[in-house]
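# Coordinates in review
One-letter residues, chain by chain:
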Amino acid sequence: MGDGRAILKQISERKNPDVYRHEHWEGSFTDYLDIVRQTPTVTRNAFQRLYDMVVSHGSIPIEGSKDNLVRYNFFDDPDNEGRDAIFGLTKPLMELVNVFKSAALGYGSERRVLLLHGPVGSSKSTIARLLKRGLERYSQTDAGALYSYGWKESSGTVHWCPMREEPLHLIPPDERAGILEFLNGTETKGHEEHRVEIAGDLCPLCRFMHNERLKAAEGNWTRVMEDIVVHRVFLSEPDRAGIGTFQPKDEKNQDSTELTGDINYRKIAEYGSESDPRAFNFDGEFNIANRGLIEFIEVLKLDVAFLYDLLGASQEHKIKPKKFPQTDIDTVIIGHTNEPEYRKLQSNEFMEALRDRTVKIDVPYVTNLNDEINIYEKDYNSRRVRGKHIAPHTVETAAMWAVLTRLEEPKNAGLTVLQKLKLYNGKTLAGFTQDNVEQLRTEAKSEGMHGISPRYVQDKISNALVANAKSSNLNPFMVMNELENGLKHHSLIPSEETREAYRQLIQVVKNEYTDIVKNEVQRAIAADEEALSRLCSNYIDNVKAYTQKEKVKNKFTGQSEQPDERLMRSIEQRIDIPESRKDDFRREIMNYIGALALDGKTFNYKTNERLQKALELKLFEDQKDTIKLTSLVSNVVDKDTQEKIDIVKGRLIRNYGYDEESATDVLQYVASIFARGDAKSNN
């Protein structure tokens, strides 16, 4: 069998006709009543379905959060391999889902416009897109099934309801109470979770069809219902079914019929009247978004004429098509806007009615470094960027700078903005508890509502990849140079003062990067496990003798000697233990070792982060001269030194994610720093 035929066979096997028939079910109105009695959730309104869709993916409580934060898995975009995953923003997303829940329970939020408010590039559109795609997928599952109906003609053709409305609307208002009592009977499965309600009436076209057939049947409503065909519907934005999107255009081209539908003038000659619903196209964004969701892009740029439709749709759940009475709709209205447009709303007295009917959800930029890194690594990783190695810390430094631009200067004079970034990212700092960190966030009320957009950083990383096409590596300096050079042309920076502040933050990041790679090189040089263990053993022997006022036996001479104060201080000074604190530090070490011994455990320097760092720095200082790292900046390296450098380079590649070229580059960079330092110390 050829490859092409084999592929077609595989697709055919997956496209099961029985599954298709199940998903595209059609039946009578009485069949649908049986479905409702068995599965009442098929009658959920738009908010109920949206809320159930989100929570169906599960959630994770955030441990240690004082606000009882919950992370909803839906926003990780699990159904789409995380392509639209939203990182961070746990609190705003929880607030949004809480609004969905309130609306689903009928507490009033269902009569509001949900407004996502934040700076450009803060994921507002992504949130709306996730919700739309999520509803599409959910409607294709048994849990998310919903139904509509059509009118069967004698020819066998069916005129489907143009607004895909709930089939229970066909029940006359004076009969609904009795029908609901039947549908919500005590033996109905699942009725405890969802009680069936009937809200709204027939759309103009279905009302016309109903009345015409009722007249022909001489009032026999049951006979009319025999012409009803109920079918399962799927929400789909491409098919304009249950998902709508509206974007304001130029004022001269705007027409409110885009929201509520328009007359089909070609059919007027056939039906004889503009008021005949058969001569009307119910294809406005509100019409097609019935039973689902409508997104308003830059909602506050809407012309005032559109606001009447928006306000009626949100508050009354009704729209007013041209030449027809008010028509019921059931849709979630989500708009998004940025800060300048929102300020206009607050100052415009004509917009007071809209402000009163709006639930605002702030969607700020991410202020957690790890979350910002995740945003960029989604696009710039080894799978997406082929043929070029992204050196360690390249994305991290770009993310660090972006987050720094969004943070407010701390009121605590002893705290830098970089330290604040680290605290937000979960690092510990002497004198700061988790309560202190929460206080920092509380004090900075507008943090994350200004600064550099992720889009700008993404653009500059892309530029750096293209501009350095000949290099097999992308390193942090390539990206930072692009970030800095682009500032002069960045149109969204409000002032030259802000522009200069952003440049200074790039220097802050460069300094931090230098410290990071110096530490990595130091650890790679000092990564000799045996040497570290010997140094640690020697240090512990001396500390033990010192604290117990004993002597140390020299393993070489066999003589007992006083504890080696010079050795102990050379290690302790690496982690800034002052002379006045040395006794306390040494007792802490011995108490720690003693506690382990009581538990039957053996001391290992790796379990004490501070001591490990001190030992590594000490070993580095002892070994860097034997390796002659500074010789890397010259063209002459002897064989013995080269072998030692290759060992260090191998550790950088194995332990820190470098490749051959980037490891060589970072070694040369750090070597040049030490060379400058040695030159200064010799002067």
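### Brief notes about the sheet that holds strand β4 (residues 113-117)
- One open sheet holds the 5 strands; their spatial order is β8-β11-β14-β4-β15, and the pairing between them is parallel. Edge strands, defined here as strands with exactly one partner in the open sheet, are β8 (243-246) and β15 (358-362). Neighbouring strand axes in the sheet, compared pairwise and without regard to direction, differ in orientation by 20° on average.
- Across the face of the sheet, helix α13 (residues 304-315) comes into contact with β4, β8, β11 (293-297) and β14 (332-337) while running at roughly 135° to β14.

### Focus: empty space enclosed by the protein
- All told, the structure shown has 1 cavity of 30 Å³ or more when counted by the stated rule.
- Looking at the largest cavity, its volume works out to about 30 Å³.
- In terms of lining, the largest cavity is formed by L89, P92, L93, L96, L116, I127, I361 and V363.
- Among the elements that make up the lining of the largest cavity, the one with the highest residue count is helix α5 (residues 90-104) (3 residues).

### Observations regarding the nonpolar core
- Among the nonpolar cores identified, the biggest contains 58 residues, and Y149, F286, F296 and L310 are the most heavily contacted of them.
- Here F296 is in contact with F246, L259, F286, L302, L310, I333, I334, G335 and H336, once residues within four sequence places are set aside.
- Core analysis: the second largest hydrophobic core is formed by 42 residues, L369, L440, I452 and L483 among them.

### Examining the sheet that holds strand β5 (residues 146-152)
- In spatial order, the strands read β1-β7-β5-β6; together these 4 strands make up an open sheet with antiparallel pairing. Single-partner strands in this sheet number two, and they are β1 (26-27) and β6 (158-160).
- Note that β5 and strand β7 (residues 228-233) share 6 bridges and pair antiparallel. The partner of G150 across the bridge, within β7, is V229.
- Helix α3 (residues 29-38) rests against β1, β5 and β7 of the sheet, and its axis sits at about 45° to β7.

### Concerning the packing of aromatic side chains
- In total, this model carries 16 aromatic pairs according to the counting rule given.
- Arranged with centres 6.1 Å apart and planes meeting at 80°, the rings of Y149 and W151 form a pair that is edge-to-face.
- Look at Y149 and you get buried, because its relative accessible area is 0%.
- Residue classification places W151 among the buried positions, given a relative accessible area of 1%.
- Through a chain of ring-to-ring contacts, the aromatic side chains of W25, Y32 and Y147 assemble into a single cluster.
- Across from the ring centre of F182, 4.4 Å away, lies the NZ or CZ of R37, which sits over that ring.

### Things to note about the confidence of the model for the protein
- On average, residues of the protein carry a pLDDT of 87, and 92% of them reach 70 or more.
- Every residue in residues 678-683 is under pLDDT 50, and counting partners more than four places away or in other chains gives 2 contacts.

### Describing the side chain of R49
- The residue R49 is located in helix α4 (residues 46-55) in this model.
- An unpaired buried charge is present at R49: no salt bridge exists, and D330, the closest side chain of opposite charge, is 5.4 Å distant.
- In contact with R49, other than residues within four places in its own chain, are V42, R44, L135, Y138, G144, L146 and R291.

### With respect to the side chain of S314
- The residue S314 is located in helix α13 in this model.
- S314 gets classed as buried once you look at its relative accessible area, which sits at 1%.
- In this structure the side chain of S314 is engaged in a polar contact, spanning 3.0 Å, whose partner is the backbone oxygen of L311.
- When neighbours within four sequence positions are excluded, S314 is seen to be in contact with E110, R111, R112, V113, I333 and R357.

Here is what the cut-offs are and how they apply
Residues numbered from 1 in each chain as written. Predicted model: local features only at pLDDT ≥ 70, side-chain atom pairs only at ≥ 80, totals over all residues. Heavy atoms only, no water. Pairing = 2+ DSSP bridges. Helix = DSSP H or I, 4+ residues; strand = E, 2+ residues; numbered from the N terminus. Axes fitted to C-alpha atoms, helices over the stretch in contact; angles between N-to-C directions. Contact = heavy atoms within 4.5 Å. 1 Å grid on protein atoms, 1.4 Å probe; cavity = no way out; pocket = protein on both sides within 12 Å on 5 of 7 lines; lining within 4 Å. Points joined across faces, edges and corners; volume = space filled by probe spheres on them. Core = buried A, V, L, I, M, F, W, Y, C linked by side-chain atoms within 4.5 Å. Buried < 20%, exposed > 50% of the residue type's maximum accessible area, 1.4 Å probe, protein only. Phe/Tyr/Trp six-rings, centres within 6.5 Å; stacked < 30°, edge-to-face > 60°. Lys NZ or Arg CZ within 6 Å of the ring centre and 35° of its normal. pLDDT = per-residue confidence, 0-100. Lys, Arg positive; Asp, Glu negative; His and termini not counted. Salt bridge = Lys/Arg side-chain N within 4 Å of Asp/Glu carboxyl O. Polar contact = N/O pair within 3.5 Å; in protein donor to acceptor, adjacent residues only side chain to side chain.

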